[in-house]
Amino acid sequence: MTILVEWPPSHPGLPPHRHSGPSFGYVMEGALRFELEGEPERVVEAGGTFWEPGGDLIHYQDGNALSDAQTKFVVTMVCAPGQPMLTLVDEEELKERAHLRAPRPSEG
């Protein structure tokens, strides 16, 4: 499945989730705040790409990093047979896996 996503200024993106298969994306406009479990948060600017392997890995952030402009990106997701494309992660699991999340910039 390939989709176009357009986030208005400061949009936080989807809540923490995972994909059943790999995802590949390209930022067309703006800047995307991107964070996968075990990796530091980063900003992918227009012209940049991102990917994630899918499976058990939590995708924490995919929001607009800009407060004054929209961000637009296209993403192609490959779904594992018989599995949903996207599954939200509940608070209990986030707490259980907190040790796997890279330190946040705001945490020092």
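Residues numbered from 1 in each chain as written. Predicted model: local features only at pLDDT ≥ 70, side-chain atom pairs only at ≥ 80, totals over all residues. Heavy atoms only, no water.

- The name that an unreviewed UniProt entry assigns to the protein is Cupin domain-containing protein, with the source organism given as Streptomyces acidicola.

### Topic: the environment of Pro-22
For step 1, the next point in the chain: Note that Pro-22 resides in the loop between strand 2 (17-19) and strand 3 (23-29).
For step 2, the next point in the chain: The exposure class of Pro-22 is partly exposed, given its relative accessible area of 26%.
For step 3, the next point in the chain: In the structure, Pro-22 is positioned 33 residues away from Gly-55 in sequence and 7.7 Å away in space, judged by C-alpha atoms.
For step 4, the next point in the chain: When neighbours within four sequence positions are excluded, Pro-22 is seen to be in contact with Glu-52, Pro-53, Gly-54, Thr-76, Met-77 and Val-78. (Helix = DSSP H or I, 4+ residues; strand = E, 2+ residues; numbered from the N terminus. Buried < 20%, exposed > 50% of the residue type's maximum accessible area, 1.4 Å probe, protein only. Contact = heavy atoms within 4.5 Å.)

### A few points about the pairing of strand 3
For step 1, the next point in the chain: As paired elements, strand 3 and strand 6 (residues 49-52) share four bridges and run antiparallel to each other. Across the sheet, Phe-24 pairs through a bridge with Trp-51, a residue of strand 6.
For step 2, the next point in the chain: Bridge count between strand 3 and strand 8 (residues 71-77): six bridges; the pairing is antiparallel. Counted as the bridge partner of Val-27 is Phe-73 from strand 8. (Pairing = 2+ DSSP bridges.)

### A closer look at the environment of Arg-42
For step 1, the next point in the chain: Position of Arg-42 relative to the elements: it lies in strand 5 (residues 42-45).
For step 2, the next point in the chain: Note: C-alpha distance between Arg-42 and Ala-65 (23 residues apart in sequence) is 9.6 Å.
For step 3, the next point in the chain: If we ignore the near neighbours within four places in the chain, the residues touching Arg-42 are Leu-32, Arg-33, Phe-34, Thr-49 and Phe-50.

### Comments concerning the pattern of salt bridges
For step 1, the next point in the chain: If you walk through the whole model with that rule in mind, you get eight salt bridges.
For step 2, the next point in the chain: For Glu-93, the salt bridge goes to Arg-18, with nearest N and O atoms at 2.7 Å. A residue pair is termed long-range when its members are at least 10 positions apart, and Glu-93 in helix 1 (residues 91-96) and Arg-18 in strand 2 qualify at 75 residues.
For step 3, the next point in the chain: Arg-97 is the salt-bridge partner of Asp-56, the closest N and O atoms lying 2.8 Å from each other. Here Asp-56, found in the loop between strand 6 and strand 7 (59-64), pairs with Arg-97, found in the segment after helix 1; they are 41 residues apart in sequence, far enough to count as distant.
For step 4, the next point in the chain: Several salt bridges share partner residues, and in doing so they unite Arg-18, Glu-37, Asp-56, Glu-93 and Arg-97 into one network. (Salt bridge = Lys/Arg side-chain N within 4 Å of Asp/Glu carboxyl O.)

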